[in-house]
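These are the residues of each chain, in order.
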Amino acid sequence: MVRSVTAPLDLPALHASHAGTWMCGRDGAVREVAKGEAVMAVADTPLLILNAPLVATRLGYPDLSGLDLLELFAFVHPAQFCVPTPKGLAEALGLPAPASDAEVPALLRQAAAELLDRCEVEEWGEREGAWSSLQSLARLRWPWAQLLMPKIRQPERAEKWLFSRLPQWEENDDRPQPKQVDLSRAEIEAQLDALTGDAAERRDGQRRYAGEAAHVFAPRARRDAPHMLLAQAGTGIGKTLGYLAPASLWAKESGGTVWVSTYTKNLQRQLRSESARAWPAPREDGTPPVVVRKGRENYLCLLNLEDALQGGFGGRPAVLAQLVARWAAYTRDGDMIGGDLPGWLGTLFRRRAIRSLTDQRGECVYAGCPHYRKCFIERAARQSAQADLVIANHALVMVNAARGRDTANKPSRVIFDEGHHVFDAADSTFAAALSGSEAIELKRWILGPERGSKGRRRGLAARLADIASYDESGGQAIDAATEAAQALPASGWLGRLAEGAPLGPIEQLLAAVRAATYARDESGGIEAGYGIETEAAGLDGAIVEQAANAADALAAIRKPLLKLAGRLEAVIEDAPDWLDAQGRARVEGARYSLGWRIDLLAAWEAMLDRLGGPGDPEFVDWLAVERSDAREFDVAIHRHWLDPIKPFARTVLDGAHGVMLTSATLAERDEDGAPEWPSAVARSGAPHLEVKPALFAAQSPFDYATQAEILVVTDIRKGDIPALAGAYARLIEAAGGGVLGLFTAIRRLRAVHGRIADRLARTGLPLYAQHVDPIDTGTLTDIFRDDPRASLLGTDALRDGVDVPGDSLRCVVMEQVPWPRPTILHRARRLAAAETEGGAKAYDDRMIRARLAQAFGRLVRRADDRGQFVMLSPAFPSRFLTAFPQGTPVIRCPLDEAIARVAAAEVNKKQSKAGTSHYSRA
């Protein structure tokens, strides 16, 4: 319900956009001001602002600070999201949305008063803990504290501290193995009808898809030969409910757990919502039937938070810790990355502060942690063992399978949604990189924090002190590993490499790698400021010798760690009297951490042993200097599988009972629109298990001939940035916003944004951009979705997995064909593909068509969506047109005609809406 606040907060407010800057004084008068005047006003007195980092970027004043309403919102309504724009804030608070930039400062004053007044209302649902948090924030001199103090009364009884208030998880018995179940097509169709609802239109493609999905739940006939299904389902088929129908039926009848794995966080959120149709939340006994699982680095670490609250953080990060503590008391599951912690909260402070509150380094002490029984990560792990449906991501499924920590709960029925990304996820998961940053992290894990550094981190000796004192051999192994770890890089290693003064065998190797990469690079990346690389072949004798020395140093670390792991196993088998259940769990956790670090060291040694010798045909090795804007941030030796699906098949598919890979773009299409399966089958892993997968394809029900058109602009010369920027501006103006602009290079994206953002804003068309605006990608998408007049520029992350149905996305513009980057890894795989049907050119073409199909797939998401796909590439090859749905009109035309068609489509859409509205009124 929209309502207004009668008494705005008696403080001045400031709003800055690309169209200009406006201030509202205490008297309520609003005036447009120059940037310089705004900067002076902000420096002189705290002003009400919305999204301080964004305002600072718009004003060109990085030291800007003030009373940020997003911080106040995070305090008053923790674990609630609002789109971080004036319109989004107004909608979240039930206030009238501003009609123009000039009205925003007045809104900020009203919104501030509304949020402050809510703290005095008895019905305020997040009152618990607010008074205690406010006392801490006041000591930190948080600007809002003094304004909140009169609004929040002191409770009659002392409030429980966060760590006392959080619930504990409970241990459960192991779930029995699932029953063997055969699902009939009639049962599945009845379940699908129940999920879609009586009023839903029956879609033949969805019903056939659901029936085929049942294939992966049938009893397995042969060990190490899972049932496999590759299912391509065009946009609009309804694949989510299509596979949830048999999955929910099988889980109910068998008592087993189904895992659905995604590539993007956006699809995880969608799945959580859709799954509510099949499973209540929670069950009668209070346990959740559906659990979302992510990697440890996504969840709040309570021990890290406690350290931050007790002095581990200072200044602004300390304020963030207090706001995160408020959120932790109300969060659903402790997920900080893509969960119910607003994505914009971290960017208000600094992203590194958010990351330092999670377990980024794998340093968890498990049962040795005082908050172990309340840990969000452990709770999710235990809930997933009892769940009917686990919503995970590709990386987590692969990492868990590779490290084998939880073999009893290894997924046996897995659905890989966004299955076209399985190859990329496997490529990342099963790769190895010996880099300076990875090596220094290993050193800190073994030795603990370096002198002068803050934090709770403890070395191996401190974490296992009781074991070392009890087991002499274990203590000796810890001492040996600690001594050997001194050979790893130390703080300042990157500077020493640049100065030619490396310390120790690893730094000496990295210095040689850096020098060789600079000497041999021919990519042009040095002048452009990009990262550079060279193949790990033909290296001189000095590098080979240094690699051997480094390998010896790594082996000296690995061997005592291996011995320590054996001693810990012996302690578990013959446990002393003082080792209670909590201590046993801590030792088990230490064994797990040791195991994957031993594997890491072994992978590094294998990589170094190959330098100077014959190459391993299964791997691609190269040297790299990682750079961003000409600034070096790492030096590394990389190793990737030539075919990463091979380890994926061995670790994930081997042992599973049923696996489904599904996507709208799983297989290529021929000229008639029929799927071509050989490449998709090869990338599924089935050939490595000698399994013949079932294949299924359902075309999209959308009428692309009338809902969309493809415009190939023929008069924008490649490399002409002014012309490119002009084309984007005119297309966005013609469409009235709602444009998703996709770039293949960040530099061109920034150049175009810088040229057109002000121009568009002055006509009421806001423009946002990845790599420009200090906003995370998920929040940028939320902003774009919320405002039909906004447009968004981005790169790969916006090409895949962005779901913006309706008027907010009416036009997709690509600046050029998304050719693959000519990296050493790509070249090696291209050469390998030369031996297959179609050769290297077909390999590249498949990659390009997949990217085009994904980009086009952003355009039409519902039956009533309409839109245009514009390619600003005059030499767009016709062979790529099979990437698009059959029947979609393709028009090659100059820019003026494309703009006219986009404008006409927008006019027609408005007239259609007006006619529908008139009809409904009649």
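Here the structure is a predicted model, which is why all the values come from computation and not from measurement. (Residues numbered from 1 in each chain as written. Predicted model: local features only at pLDDT ≥ 70, side-chain atom pairs only at ≥ 80, totals over all residues. Heavy atoms only, no water.)

## Some remarks on the packing of helix α18 (residues 394–403) against helix α29 (residues 645–653)
Helix packing geometry: the angle between the two helix axes and the distance between the axes. One way to put it is that α18 packs onto α29 with a least axis distance of 8 Å and a crossing angle of 75 degrees. Between α18 and α29, the angle is such that the two are roughly perpendicular. Judged by residue contacts, V397, M398, A401 and A402 of α18 engage F648, T651 and V652 from α29. (Axes fitted to C-alpha atoms, helices over the stretch in contact; angles between N-to-C directions. Helix = DSSP H or I, 4+ residues; strand = E, 2+ residues; numbered from the N terminus. Parallel < 35°, antiparallel > 145°, perpendicular 65-115°, else oblique. Contact = heavy atoms within 4.5 Å.)

## Considering the pairing of strand β14 (residues 631–641)
Most of β14 sits out of view: 9 of its 11 residues are buried. Relative to β14, strand β11 (residues 432–435) runs antiparallel, the two being bridged by 4 bridges. From the neighbouring strand, L434 faces β14, where its bridge partner is I637. As paired strands, strand β13 (residues 619–628) and β14 are joined by 10 bridges and run antiparallel to one another. By the bridge assignment for β14, W622 is matched with H638. Connecting β13 to the antiparallel partner β14 that follows it, the hairpin turn spans 2 residues, and D629 within it adopts a positive phi of roughly 50 degrees. (Buried < 20%, exposed > 50% of the residue type's maximum accessible area, 1.4 Å probe, protein only. Pairing = 2+ DSSP bridges.)

## Some thoughts on the side chain of H638
By the secondary structure assignment, H638 is in strand β14. The class of H638 is buried, set by a relative accessible area of 14%. There is a polar contact of 2.9 Å between the side chain of H638 and the side chain of E626. Setting aside residues up to four positions removed in sequence, H638 forms contacts with A432, A433, M607, V620, D621, W622, A624 and E626. (Polar contact = N/O pair within 3.5 Å; in protein donor to acceptor, adjacent residues only side chain to side chain.)

## Points about unusual backbone geometry
Its identity as a non-glycine residue notwithstanding, A79 has a phi of 65 degrees, on the positive side. Structurally, the position occupied by A79 is in the loop between α3 (69–76) and α4 (86–93). By relative accessible area, which is 23% here, A79 ends up partly exposed. Even without a glycine there, the phi angle at R141 is positive, about 60 degrees. Here R141 shows up in the loop between α6 (130–139) and α7 (145–148).

## A few points about the packing of helix α9 (residues 185–196) against helix α11 (residues 239–254)
At a minimum axis distance of 9 Å, the contact between α9 and α11 shows a crossing angle of 115 degrees. Here α11 runs roughly perpendicular to α9, going by the angle between their axes. Once α9 is placed against α11, the crossing between them reads as right-handed. When α9 is examined against α11, the residues E187, I188, Q191, L192, L195 and T196 are found in contact with a partner set consisting of L241, G242, L244, A245, P246, S248, L249 and E253. Here the contact of α9 with α11 is built from residues that sort into 8 nonpolar, 4 polar and 2 charged. (Left-handed = near helix turned anticlockwise from the far one by under 90°. Nonpolar A, V, L, I, M, F, W, Y, C, P; charged D, E, K, R; others polar.)

## Here we look at the packing of aromatic side chains
For any pair of aromatic rings, the description rests on two quantities: the centre-to-centre distance and the angle between the ring planes. The final tally for this structure, using the stated rule, is 16 aromatic pairs. Taken together, the ring pairs connect F702, Y704, W819, F856, F869, F876, F880 and F884 into an aromatic cluster. Of note, R373 hangs over the ring of W169, and the distance from its end group to the ring centre comes to 4.8 Å. Seen from the ring of F423, R683 lies directly overhead, with NZ or CZ sitting 3.9 Å from the centre. (Phe/Tyr/Trp six-rings, centres within 6.5 Å; stacked < 30°, edge-to-face > 60°. Lys NZ or Arg CZ within 6 Å of the ring centre and 35° of its normal.)

## Thoughts on the side chain of Q770
As for its position among the elements, Q770 is in the loop between β21 (767–769) and α35 (777–786). Of the polar contacts made by the side chain of Q770, one reaches the backbone nitrogen of T795; its length is 2.7 Å. For Q770, the residues in contact, after removing those within four places along its chain, are L749, T777, L780, L793, G794, T795, A797 and L798.

## Observations concerning the sheet that holds strand β20 (residues 739–742)
The 7 strands are arranged β21-β22-β20-β23-β24-β19-β25 in an open sheet whose pairing can be described as parallel. Bordering the open sheet on either side are β21 and β25 (890–893), each of which pairs with just one other strand. With direction set aside, neighbouring strand axes in the sheet form an average angle of 20 degrees. In the sheet, strand β23 (residues 811–814) pairs with strand β24 (residues 867–871) via 4 bridges, with the strands oriented parallel. Paired with V813 across the two strands is V870, which belongs to β24. Contacting β20, β21 and β22 (791–794), α35 runs over the sheet at an angle of about 150 degrees to β22.

## A closer look at helix α34 (residues 746–761)
With 16 residues, α34 should reach 22 Å at 1.5 Å per residue; the first-to-last C-alpha distance of 21 Å fits that figure. For α34, the principal kink sits at R755 and spans about 35 degrees. Buried residues along α34 sit against α33 (721–735), β21 and β22. (Expected span 1.5 Å × (residues − 1). Bend = angle between axes of the 7 residues up to and from the residue.)

## Focus: the nonpolar core
Counting residues in hydrophobic clusters, the biggest one holds 68 residues, and the most contacted among them are F75, W144, L148, L300, L305, V324 and L345. The dominant element in this core, judged by the number of residues it contributes, is helix α14 (residues 316–328), at 9 residues. Counting residues in hydrophobic clusters, the runner-up holds 54 residues, among them A477, V571, I598 and W604. (Core = buried A, V, L, I, M, F, W, Y, C linked by side-chain atoms within 4.5 Å.)

## A look at helix α20 (residues 436–447)
Since there are 3.6 residues in each turn of an α-helix, residues three or four apart along the chain are aligned in direction. Along its 12 residues, α20 runs 16 Å from first to last C-alpha, staying within 8% of the 16 Å computed at 1.5 Å per residue. Along α20, the residues classified as buried are G436, A439, I440, L442, K443, W445 and I446.

## Some remarks on the environment of R118
Along the chain, R118 falls in helix α5 (residues 104–118). Looking at R118, the relative accessible area reads 19%, which means it is buried. Sequence separation of R118 and D773 is 655 residues, and the distance between their C-alpha atoms is 31 Å. There is a polar contact of 3.0 Å between the side chain of R118 and the side chain of H77.

## Here's the deal with the sheet that holds strand β6 (residues 227–233)
In a beta sheet, neighbouring strands pair by backbone hydrogen bonds and run either parallel or antiparallel. With respect to topology, 7 strands assemble into an open sheet ordered β8-β9-β7-β10-β15-β6-β18, the strand pairing being parallel. This sheet does not close on itself; its edge strands, each paired only once, are β8 (290–292) and β18 (694–698). Looking at each pair of strands side by side, their axes are set apart by 15 degrees on average, direction ignored. Direction of pairing for strand β10 (residues 413–417) relative to strand β15 (residues 658–663): parallel, over a ladder of 5 bridges. Within the sheet, the bridge partner assigned to V414 lies in β15 and is V659.

## Some details on the pattern of salt bridges
Using the criterion set out here, one finds 47 salt bridges in the structure. For E37, the salt bridge goes to R31, with nearest N and O atoms at 2.6 Å. Relative accessible area serves as the criterion here: at 34%, E37 is assigned to the partly exposed category. Accessibility expressed as a relative area gives 44% for R31, which makes it partly exposed. With a closest N to O distance of 2.9 Å, K87 and E91 form a salt bridge. Here the residue K87 and the residue E91 both occupy positions in helix α4, the gap between them amounting to 4 residues, near one helical turn. (Salt bridge = Lys/Arg side-chain N within 4 Å of Asp/Glu carboxyl O.)

## What about the environment of G88?
Structurally, the position occupied by G88 is in helix α4. Relative accessible area serves as the criterion here: at 5%, G88 is assigned to the buried category. Each C-alpha atom, one on G88 and one on D787, is 8.9 Å from the other, the two residues being 699 residues apart in sequence. Aside from chain neighbours lying at most four places away, what touches G88 is C82, V83 and D786.

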